[in-house]
Amino acid sequence: MVRIDFNKLRFLVIDDNTHMRRIVRTLLHGFGAREVYEAEDGASGLEAFTHYVPDLIITDWVMPIFNGLELTQMIRQPGANANPYVAIIMLTGHSEKNRVTAARDAGVTEFLAKPISAKSLYQRIVSAVANPRPFIKTRTYFGPDRRRSTVHNYNGPERRKGGKSDVIRPAPLLDKARSIG
Amino acid sequence: MAKDDTLIQTFADYEVITPAHTLRKAISTEAAAADDDPVARAEAALQDLSSEFSIWMNGECERLAQARAAVQRMGFSRRTKDALFNAAHDIKGEAATFGFPGIAGAARSLCRLIEYAPDPARIPLTLVDQHVDAIRAIYREYARSDAIELAQKLTQRLVEVTDAFLLDANKDRPDILALVMSPPLAPENA
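Reading guide: rules and limits
Residues numbered from 1 in each chain as written. Chains lettered and ligands numbered in written order. Predicted model: local features only at pLDDT ≥ 70, side-chain atom pairs only at ≥ 80, totals over all residues. Helix = DSSP H or I, 4+ residues; strand = E, 2+ residues; numbered from the N terminus. Buried ≥ 20, exposed ≤ 12 C-beta atoms within 10 Å, placed from the backbone. Contact = placed C-beta atoms within 7 Å. Core = buried A, V, L, I, M, F, W, Y, C linked by C-beta atoms within 7 Å. Pairing = 2+ DSSP bridges. Axes fitted to C-alpha atoms, helices over the stretch in contact; angles between N-to-C directions. Parallel < 35°, antiparallel > 145°, perpendicular 65-115°, else oblique. Nonpolar A, V, L, I, M, F, W, Y, C, P; charged D, E, K, R; others polar.

Peer 1: Which residues make up the overall build of chain B, and what are the values?
Peer 2: Looking only at helices and strands, chain B features seven helices and three strands. Shown N-terminal to C-terminal, the secondary structure of chain B runs as helices and strands in the order β-β-β-α-α-α-α-α-α-α. Principal-axis analysis of the C-alpha atoms places the extent of chain B at approximately 60 × 50 × 30 Å. In chain B, which comprises 190 residues, the share counted as buried stands at 29%. A separation of at least 24 residues holds for 59% of the contacts in chain B among residues at least 6 apart in sequence.

Peer 1: Explain the nonpolar core to me, using residue names and the numbers behind them.
Peer 2: Among the nonpolar cores identified, the biggest contains 51 residues, and Phe11, Leu56, Ile57, Ile89 and Met90 of chain A are the most heavily contacted of them. When residues no more than four places from it in sequence are discounted, the contact partners of isoleucine 57 of chain A are Leu12, Ile14, Phe49, Val86, Ile88 and Ile89 of chain A. Judged by nonpolar contacts, the second largest core, of 33 residues, contains Cys61, Ala95, Ile114 and Tyr139 of chain B.

Peer 1: Just give me the short version of unusual backbone geometry, but keep the residues and values in it.
Peer 2: Residues and elements named next belong to chain A. Put simply, lysine 114 and proline 115 share a cis peptide bond, and its omega is 10 degrees. Following the sequence through the fold, proline 115 ends up in the loop between strand S6 (110-113) and helix H5 (118-130). You will see that valine 53, though not glycine, has its phi angle at about 50 degrees, which is positive. You can see valine 53 is positioned in the loop between helix H2 (42-52) and strand S4 (56-59). Given 13 C-beta atoms within a 10 Å radius, valine 53 is considered partly exposed. The phi dihedral of isoleucine 65 falls on the positive side, at around 70 degrees, and the residue is not glycine. Position of isoleucine 65 among the secondary structure elements: in the loop between S4 and helix H3 (68-75).

Peer 1: Talk me through the pairing of strand S2 (residues 15-18) of chain B; I want residue IDs and the actual numbers.
Peer 2: Bridge analysis of strand S7 (residues 135-137) of chain A against S2 of chain B gives three bridges, and the strand direction is antiparallel. Residue pairing for S2 of chain B: lysine 137 of chain A is matched across the bridge by glutamate 15 of chain B.

Peer 1: Lay out the packing of helix H4 (residues 104-116) of chain B against helix H6 (residues 147-169) of chain B in plain terms, naming residues and giving numbers.
Peer 2: Residue and element names in this part refer to chain B. Across the interface, H4 lies against H6 with an axial gap of 9 Å and an inter-helix angle of 10 degrees. By the criterion of interaxial angle, the relationship of H4 to H6 is roughly parallel. Facing Gly105, Ala106, Ser109, Arg112, Leu113 and Tyr116 of H4, the residues of H6 in contact are Leu154, Thr155, Leu158, Val159, Thr162 and Leu166. Split into classes, the residues belonging to the contact of H4 with H6 amount to seven nonpolar, four polar and one charged.

Peer 1: Tell me about the sheet that holds strand S5 (residues 87-92) of chain A, and please be specific about residues and values.
Peer 2: Residues and elements named next belong to chain A. Across the sheet, five strands lie side by side as S3-S2-S4-S5-S6; this open sheet has parallel pairing. The strands lining the two open edges of the sheet, one partner per strand, are strand S3 (35-39) and S6. Sheet twist, expressed as the average angle between the axes of neighbouring strands with direction ignored, equals 20 degrees. In this structure, S5 lies alongside S6, joined through four bridges in parallel fashion. The partner of threonine 92 across the bridge, within S6, is alanine 113. Seen against the sheet, H3 touches strand S2 (10-14), S4 and S5 and runs at an angle of roughly 170 degrees to S5. Running at roughly 180 degrees to S6, H5 makes contact with S4, S5 and S6 of the sheet.

Peer 1: Describe the pairing of S3 of chain A, with residues and values.
Peer 2: Pairing between S2 of chain A and S3 of chain A: five bridges, direction parallel. Note that in S3 of chain A the partner of valine 13 of chain A across the bridge is glutamate 38 of chain A.

Any functional reading would require information beyond the geometric quantities listed.
Below, the structure is given as structure tokens:
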């Protein structure tokens, strides 16, 4: 397995439950992380995201003010903040199919159902760090590619249309958005 | 890494954006020491914290009881319903981590009752009481040798009664019925 230097990563843990924040912080420090910031709801989480510019966010779903899903949607706005591509791990007690799908469609990078374990959290972080997926931008979605693998015998409808065009190396998205505005 | 390392491929109705791999900085090229196991270190750190888990779980059970008392006093409002759901939801997620996995099933059943009832005012308060009392009792009696077995029996009965209520209350809502009956997609212990 790839080895990660956790002390080179900055984490932001967002959860309204103080016990769960302490558990996650304990695990991250155990992995070797030094920089772990915390926020207790979606609003302060968004503020902390802007202030600390974390490499990875670990967020709960159910929180006051606005929840982890809404937080993810606010971060996944190209041009609206410093890093719309930040890795987001949704750590939640929800494990129902419709919830997992909703989290995926909001743009989370990884989904982790509670109860949390050191191994499962470690695996999600390694995946986010070592195997980042490209981002897909459509009229209705902006987030990590939801197709994690190629299904060679897929015979359903093809929802992405159009032949391949040129690869461009654009100006930073933030500058692009500002020039349009 | 500079933002202009981002690559964009434009297609007819979508773009594929490959951002700069900024997290590459944390991928170590050095071989790990034979005895270096970050997961084991984290588990040991969690073990050091575990002496507090029973106190934490007791606090969560008290929080649940207070949320139930608010529902009894004021009925179901957005605020009292959310407080009861959030307390049960936190217990469901924390129970196994805190060393009380037998509590999670009853908490999950209470979450389903609150989440899928079409009208909270129609939720029988007796059924809410039975869930809250069961969760607290399982916690209180957890040291017993037959605690897990008793918790399973209690939970199974709560789930049966809750399912009967939800199936009847949602008989005209097939989309919700499908959710009520569907198993979790994410593995519980992934």
